[in-house]
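Structural features, examined
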Amino acid sequence: MTTTTPEETIAGARERIDVLDDRIIGLIQERMAVSAVVQQTRIASGGRRVNLSREMEILGRYREALGKPGTGLAMTLLELCRGRI
């Protein structure tokens, strides 16, 4: 039977966190690219760059899933994807 030390457990968990962070960053970059397509298409068809009702849906989804901190996370994602308004 092999037992791990606390240091080994922490190191393994940190490696997993690093892998997860890399995936999250990749997904955010993908989201930014898709959002750019939406914005460009909306502007080209005479619409506005930002759809506030859609942003409220996104804020609600994140708040519902993650609680109050989810709202802040969603705001940061929205800012990354559409820029400051």
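Here is a short report on the structure shown in this document. Since we're looking at a predicted model, the values are computed, not measured.

**Overview of the packing of helix 1 (residues 6-44) against helix 3 (residues 68-82)**
Orientation of helix 1 relative to helix 3, taken along the N-to-C sense of each, is 55 degrees, at an axis distance of 8 Å. Regarding the angle of helix 1 to helix 3, the classification is oblique. In this structure, helix 1 meets helix 3 at a crossing whose hand is right-handed. Mapping the contact onto sequence places Ile-28, Arg-31, Met-32, Ser-35 and Gln-39 in helix 1 and Leu-77, Leu-78, Leu-80, Cys-81 and Arg-82 in helix 3. In terms of residue class, the contact of helix 1 with helix 3 is made up of six nonpolar, two polar and two charged.

**So, the side chain of Arg-82**
In this fold, Arg-82 is placed in helix 3. Since its relative accessible area comes to 11%, Arg-82 is described here as buried. The residues touching Arg-82, leaving out its near neighbours within four places in the chain, are Gln-39, Arg-49, Val-50 and Glu-55.

**Some words on the side chain of Gln-39**
With respect to the helices and strands, Gln-39 occurs in helix 1. Judged by relative accessible area, which is 11%, Gln-39 ranks as buried. Setting aside chain neighbours within four positions, we find Gln-39 in contact with Arg-49, Cys-81 and Arg-82.

**Describing the environment of Arg-61**
Along the chain, Arg-61 turns up in helix 2 (residues 52-66). Taking the C-alpha atoms as reference points, Arg-61 and Ala-13, 48 residues apart in sequence, are found 28 Å from one another.

**Some details on helix 1**
Look at helix 1: 56 Å from first C-alpha to last across 39 residues, which is about the 57 Å you get at 1.5 Å a residue. Following helix 1 by one or two positions, Gly-46 has its phi on the positive side, about 90 degrees.

Scoring rules and cut-offs
Residues numbered from 1 in each chain as written. Predicted model: local features only at pLDDT ≥ 70, side-chain atom pairs only at ≥ 80, totals over all residues. Heavy atoms only, no water. Axes fitted to C-alpha atoms, helices over the stretch in contact; angles between N-to-C directions. Helix = DSSP H or I, 4+ residues; strand = E, 2+ residues; numbered from the N terminus. Parallel < 35°, antiparallel > 145°, perpendicular 65-115°, else oblique. Left-handed = near helix turned anticlockwise from the far one by under 90°. Contact = heavy atoms within 4.5 Å. Nonpolar A, V, L, I, M, F, W, Y, C, P; charged D, E, K, R; others polar. Buried < 20%, exposed > 50% of the residue type's maximum accessible area, 1.4 Å probe, protein only. Expected span 1.5 Å × (residues − 1).

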